[in-house]
Structure formats: C-alpha cells, structure tokens
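Notes for the structure review
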Amino acid sequence: QMVSQGWKYFKENFYYFSHVPKTWYSAQQFCKSRNSDLTSVTSDSEQEFLYKTAGGIFFWIGLTKAGSEGEWYWVDNTPFNKVQSMKFWSPGEPNNLGNNEHCVNLKMSSLQSWNDASCDHQLLFICKRHYIPSEQ
Ligand code: 2F8
Ligand code: CA
C-alpha cells in the first residue's frame, strides 16, 4: 500500500522523497498529514540510504534550531547527538550564512552531506514514518 504511493522501506521505517518543493515548515506539515515527520538521521547506514536515494539533489531533513541558544534538534523528537552527527555535515557547515540558516538539507552525495540553509527556501524533502511489520 505505502510502497505503491512512493514510500521506500529501509530498516523499520518508510521514507517518502517528495517530488514537489516546499519551505521547511510546509514540508513538515505535509509529512505530519501523512503520519510522518521530516526525517531524522541517526546512523551511517541511514545517512547512506538517504544520500544515495537523493541522488545529489537537495532535500530538506528534520533538523532545525530551537531557542535563543540555537541548539539543533530533530523535529521527530529523536535526541540529537551532536558528537556522533559531526561527520554528517558538509565541510565548512553549518555556517549560518547571513545569520539566517536554521534548517538543514542533504546537499552532497556523501556521508558528509548536510548544509544549513534558510528555512524559507523551497526544496524537495524526505518524510520518515516508523513501521515494524510485527507491530501491525
Ligand atoms: O558554500 C556553502 C554555502 O553555499 C550556499 O551559499 C552560497 C548555501 N546557501 C543556500 O543553500 C541557500 C549556504 O548555506 C552554504 O553554506
Ligand atoms: Ca550553510
């Protein structure tokens, strides 16, 4: 059912790679309407699955900044591991260009692929939805 609607299964989650660009917040609203969130990334294998499927095209992921301290957090409430996530940033990122880059996309086809960018940009995006067959 979900596969026929374009969702891809990887390690107990379904992922939806959009074909229509949206701002980061509109993308998250779309994901919510499909019982999902913009994707978190918590392992090398997940990062590899995502950048390979993205194929060098920019996609929003579910990482954004909160509060006056500007700490990164995952919109799906997965705890953000700053140390383990260091290797996923593109070289020189995050650079908060123009003091206005508070949302993150997959930019490069590489383990080091994340870039912070303005949340107002319209980009393709990736939703993630937990799914374990035995739970159904
Ligand atoms: O060189 C990295 C730099 O490239 C762009 O700015 C020129 C990106 N801007 C957007 O994607 C909007 C920066 O985020 C990025 O750091
Ligand atoms: Ca940047």
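I will try to describe carefully the structure that is included in this document. (Residues numbered from 1 in each chain as written. Chains lettered and ligands numbered in written order. Predicted model: local features only at pLDDT ≥ 70, side-chain atom pairs only at ≥ 80, totals over all residues. Heavy atoms only, no water.)

**Brief notes about the pattern of salt bridges**
Our working definition: The term salt bridge refers to a side-chain nitrogen of Lys or Arg lying within 4 Å of a carboxyl oxygen of Asp or Glu. Here's how the labels work: a residue is buried when its accessible area is under 20% of the maximum for its type, exposed when over 50%, partly exposed in between, all with a 1.4 Å probe on protein chains only.
Tallied over the full model, the rule gives 4 salt bridges. Lys32 is paired through a salt bridge with Asp37; the nearest N and O atoms lie 2.9 Å apart. Relative accessible area serves as the criterion here: at 12%, Asp37 is assigned to the buried category. Asp44 is paired through a salt bridge with Lys87; the nearest N and O atoms lie 2.9 Å apart.

**Points about helix α2 (residues 44–54)**
At 3.6 residues per turn, the α-helix brings residues three or four places apart onto the same side. Put simply, the test is: Only DSSP runs of H or I covering at least 4 residues are called helices, and only runs of E covering at least 2 are called strands; the numbering of each starts at the N terminus. Here, two residues are considered to be in contact whenever any of their heavy atoms come within 4.5 Å of each other.
Listing the buried residues of α2 in full gives Glu46, Gln47, Phe49, Leu50, Tyr51 and Ala54. Where α2 is buried, its residues meet β1 (7–10), β2 (13–17), β4 (59–66), β6 (103–106), β7 (114–117) and β8 (124–130). Positive phi shows up at Gly55, right after α2, with a value of about 60°.

**Examining the state of the cysteines**
Defined as follows: A pair of cysteine sulfur atoms is labelled a disulfide when the two atoms are within 2.5 Å.
Summed over all chains, the structure comprises 2 disulfides. Put simply, Cys103 and Cys119 are joined by a disulfide, and their sulfur atoms are 2.1 Å apart. Of note, the bridge from Cys103 to Cys119 carries an S-S torsion of about 95° and is right-handed in sense. Separated by 16 residues along the polypeptide, Cys103 in strand β6 and Cys119 in the loop between β7 and β8 bring together distant segments of the chain. Numbered in order of appearance, the disulfide-bonded cysteines of the protein are paired 1-4, 2-3.

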